[in-house]
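So you can see what is in the structure, the chains are spelled out below.
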Amino acid sequence: MRDPGDLVARVEATGLLRAGEPVVVMLSGGRDSTCLLDLAVRIVGAEGVSALHVNYGLRGAASDADEDHCRALCERLGVRIDVERAGEPEGNVQAWAREVRYAAGLRRAEASGAVLAVGHTTDDQIETFLYRLATSPSRRALYGMDVRRGRLARPLLAAGISREQTAAWCRAHGLAWREDASNVDPAFARARVRETLVPALRAVDPRADANLLRTIALLREEGEVLDALVDEVLGGGEAIELERLRSLPPALARLVLRRLAEGATGRLAPRVARRLDDVLALREGALDLGDGVRVRVRRGMLSVEPTPPLPNR
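Residues numbered from 1 in each chain as written. Predicted model: local features only at pLDDT ≥ 70, side-chain atom pairs only at ≥ 80, totals over all residues. Heavy atoms only, no water.

What am I meant to see in unusual backbone geometry here?
Leave glycine aside and you will find that most residues have negative phi; peptide bonds, for their part, are mostly trans. Phi is positive for D291, which is not a glycine, with a value near 60°. Backbone geometry at R299 places phi at a positive 50°, although glycine is not the residue there. In this fold, R299 is placed in the loop between strand 9 (293-298) and strand 10 (301-306). R299 sits in the exposed class, given a relative accessible area of 83%. (Helix = DSSP H or I, 4+ residues; strand = E, 2+ residues; numbered from the N terminus. Buried < 20%, exposed > 50% of the residue type's maximum accessible area, 1.4 Å probe, protein only.)

Here is the structure:
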């Protein structure tokens, strides 16, 4: 493991945190976000950093203790903290919590013209890749998390910093952190990936982490080549002649169809590619493909649109 003392230079080198550029740090109180907050203060200056803690209230007294810990940490570092209290959870609890915190963070970042920094590490990237490998039949889903998307930034990930290194940094600088028991609760799929699958892969080959991260990087690089090829086929358009689509190699036709679907809906549409044969069999009319996607053929031109909502009964 690298000396944790070089983390400031490594994060500065990413350009995601800069002196004079305000930043909102998502602060859970865990080791990664605690390390990120301290690094942000050292790079940006306490006056340019604020923290956001979301208290979901899901773990009773433990949730309140997390909030107290975050308040004390921010007081120590001279950072302003905002606390958002979430309402009642809906559906998948982890997905709900993720939506709540990102929405709250982006609101604050946009209001102040700041970067929204989250504490994802290389370990999180590996776990995301493995989880999606099992659940998402899509090449793009395997790209992992972006280091920057709009205001959202992942400085630790961009700097190649691991969970072990954030813990070492916190220990070296006397920064306590909180442990969330749900992170190792086997009731959650992501926890099973973290606690079972990742250790098993490391037992197969100690280089597993580096190999997986390299695979993600290669997929991203190769994806840029494929995206350029799709751009060439579409020529900047939002539709394609059905006969032209039929003439393409199936792999390229699937990529073109997926690009049109994602452009129309603004989100990933991994199931669409499975319906290529059904799309190519169309003559005229519309066909719902799933993932909220509908294709339509008019006078030999194929276009894609969002599936209309069902009428109220």
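Here the narrative resumes, following the displayed structure.
Looking at this structure, how should I read the packing of helix 2 (residues 31-44) against helix 7 (residues 163-172)?
A pair of packed helices is captured by two measures, namely the crossing angle of their axes and the spacing between those axes. Close contact between helix 2 and helix 7 brings their axes to 9 Å; oriented N to C, the two are set at 60°. Our classification of the angle between helix 2 and helix 7 gives oblique. Handedness of the helix 2/helix 7 crossing: left-handed. Contact residues: helix 2 offers R31, D32, T34, C35, D38, L39 and R42, while helix 7 offers R163, T166, A167, W169 and C170. Taken together, the residues of the contact of helix 2 with helix 7 sort by class into five nonpolar, two polar and five charged. (Axes fitted to C-alpha atoms, helices over the stretch in contact; angles between N-to-C directions. Parallel < 35°, antiparallel > 145°, perpendicular 65-115°, else oblique. Left-handed = near helix turned anticlockwise from the far one by under 90°. Contact = heavy atoms within 4.5 Å. Nonpolar A, V, L, I, M, F, W, Y, C, P; charged D, E, K, R; others polar.)

Before we go on, may I ask you to explain the environment of P308 in this structure?
Note that P308 resides in the segment after strand 10. A relative accessible area of 40% places P308 in the partly exposed class. Expressed as a C-alpha distance, the spacing of P308 and R267, which sit 41 residues apart in the sequence, is 16 Å.

For this particular structure, what's the right way to read the sheet that holds strand 4 (residues 115-117)?
Either a parallel or an antiparallel arrangement is found when strands of a sheet pair, and the pairing is made through backbone hydrogen bonds. One open sheet holds the six strands; their spatial order is 3-2-1-4-6-5, and the pairing between them is mixed. If you trace the sheet from one side to the other, it starts and ends with strand 3 (80-85) and strand 5 (148-149), each paired once. Across six bridges, strand 2 (residues 49-55) lies against strand 3 in parallel orientation. Its bridge partner being in strand 3, L52 is matched across the sheet by D82. (Pairing = 2+ DSSP bridges.)

Looking at this model, I keep getting lost on the pattern of salt bridges. Mind explaining?
Side chains bearing opposite charge may pair, as long as their charged atoms lie close to each other. With the rule as written, the count across this model stands at 30 salt bridges. The closest approach of N and O atoms between R59 and D66, which form a salt bridge, is 2.1 Å. On the basis of relative accessibility, which here comes to 27%, the residue R59 falls in the partly exposed class. Accessibility expressed as a relative area gives 7% for D66, which makes it buried. Taken together, the shared-partner salt bridges in this structure form one network comprising D32, D124, E127, R163 and R194. (Salt bridge = Lys/Arg side-chain N within 4 Å of Asp/Glu carboxyl O.)

Everything listed is a geometric property; what it means functionally is a separate question.
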